[in-house]
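# Architecture at a glance
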Amino acid sequence: MKTMNKQLLGHILACGTQIMWGATFVSTKVLLDYFQPVEILFIRMLLAVIALFVADPHPLRIGDKRRELAFAGAGLTGLVLYFLLENTALTMTYASNVGIIVACAPFFVAVMVGIFFKEKQGKNFYIGFVIAIAGVIMVSVSGKQSFHLNPLGDFLAFLAMISWGAYSAIVKKISEWDYPIIAVTRRIYFYGVILLLPVMAFEEDGWNMDAFREPTVIVNLLFLGLCASALGFFFWNLATGWIGAVKTSLYIYVSPIVTVVLSMFVLHEKMTVFSVIGSLCILIGLMISQGKTAGQKVQVA
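Quantities reported herein were computed from a predicted structural model and do not represent experimental measurements.

### Focus on the packing of aromatic side chains
- In total, this model carries 14 aromatic pairs according to the counting rule given.
- Taking the centre distance of 6.3 Å and the plane angle of 70° together, the rings of Trp 177 and Tyr 179 count as edge-to-face.
- Exposure remark for Trp 177: the relative accessible area of 18% places this residue in the buried category.
- A relative accessible area of 17% means that Tyr 179 is categorised as buried.
- Among the aromatic residues, ring-to-ring pairing joins Tyr 82, Phe 83, Trp 164, Tyr 167, Tyr 189, Phe 233 and Trp 236 into one connected group.

So, in structure tokens, the structure goes:
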């Protein structure tokens, strides 16, 4: 495939993935009536491993302990730590706080990629970042009286953001090794499942087995496991390899818009004027960040 086509498709895949991931907040909220957060995460990761194995059962032969550690690191940072920290933060602080803090991830992805890969971002990136974050704030606090700080919960959300930045940098490195992308995604999820098992051991409450009889539960679990997890991370890793970790991460800004729209239809939450204005700011900031500054050379993984 030509480089230009790969870059275009990479942007489409990154945007499409965030549309799916924006829907996961609504889907997860439905499932929280039946399961604990860690149980939902375990089920979706296990379904993803099975689906990816069916799609490509061929084993991934690495033969290098350092590369194997990279896969384990990706599973730890992008799956276990990110989701556990984010879900725990949601139990301690406002969802709006978490949304705003995690939306800053593209900035830290850019910082980490700059440190490890010597890639520098132009002024357009930072201008677009500021505009998009302003939009995220408007969307997140829309309809609320004020923005409240909750130190521990907000700190955990901050760690989740750092964890995602580390995951993006690791996946960028893995993409340079030219392994089959399905096998790569499957390997990362495999480590995610293994590393989540010790956390599951500390769960005191038993599984709600009756919940698996509910069609709503089955549909949402299949969406999270097969679409958002298996297909979503496959697309995301593919996009990271084609357009780079920084440009891919910018599409995180799309997620709040999807969440607001779906919440309006599925959870019957109201969309306010601030939500609309904030969504427009996010889109404008995204377009500015994706643009090239005059004389800037944009590196692609």
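The rest of the description comes next.
### A look at the pattern of salt bridges
- All chains considered together, the criterion is met by three salt bridges.
- Between Arg 66 and Asp 64 there is a salt bridge, and its shortest N-O distance comes to 3.9 Å.
- Classification of Arg 66 by relative accessible area gives exposed; the value is 67%.
- Here Arg 187 makes a salt bridge to Glu 68, at a shortest N to O gap of 3.0 Å. One end of the pair, Arg 187, is in helix 8 (residues 181–201); the other, Glu 68, is in helix 3 (residues 65–92), with 119 residues separating them in the sequence.

### Re the packing of helix 2 (residues 37–55) against helix 8
- Close contact between helix 2 and helix 8 brings their axes to 9 Å; oriented N to C, the two are set at 150°. When the interaxial angle is binned, helix 2 and helix 8 end up roughly antiparallel. At the point where helix 2 passes helix 8, the crossing takes the left-handed sense. Contact residues: helix 2 offers Val 38, Glu 39, Leu 41, Phe 42, Met 45, Leu 46, Ala 48, Val 49, Leu 52, Phe 53 and Ala 55, while helix 8 offers Ile 182, Thr 185, Arg 186, Tyr 189, Phe 190, Gly 192, Val 193, Leu 196, Leu 197, Val 199 and Met 200.

### Some remarks on the packing of helix 7 (residues 151–175) against helix 9 (residues 215–243)
- As a packed pair, helix 7 and helix 9 sit with axes 9 Å apart at the nearest point and diverge in direction by 65°. Taken together, the axes of helix 7 and helix 9 lie roughly perpendicular to each other. For helix 7 against helix 9, the interelement crossing comes out right-handed. On helix 9, the residues touching Trp 164, Tyr 167, Ser 168, Val 171, Lys 172 and Ser 175 of helix 7 are Phe 233, Trp 236, Asn 237, Thr 240 and Gly 241.
- Among the residues making up the contact of helix 7 with helix 9, the classes are represented as five nonpolar, five polar and one charged.

Here is what the cut-offs are and how they apply
Residues numbered from 1 in each chain as written. Predicted model: local features only at pLDDT ≥ 70, side-chain atom pairs only at ≥ 80, totals over all residues. Heavy atoms only, no water. Phe/Tyr/Trp six-rings, centres within 6.5 Å; stacked < 30°, edge-to-face > 60°. Buried < 20%, exposed > 50% of the residue type's maximum accessible area, 1.4 Å probe, protein only. Salt bridge = Lys/Arg side-chain N within 4 Å of Asp/Glu carboxyl O. Helix = DSSP H or I, 4+ residues; strand = E, 2+ residues; numbered from the N terminus. Axes fitted to C-alpha atoms, helices over the stretch in contact; angles between N-to-C directions. Parallel < 35°, antiparallel > 145°, perpendicular 65-115°, else oblique. Left-handed = near helix turned anticlockwise from the far one by under 90°. Contact = heavy atoms within 4.5 Å. Nonpolar A, V, L, I, M, F, W, Y, C, P; charged D, E, K, R; others polar.

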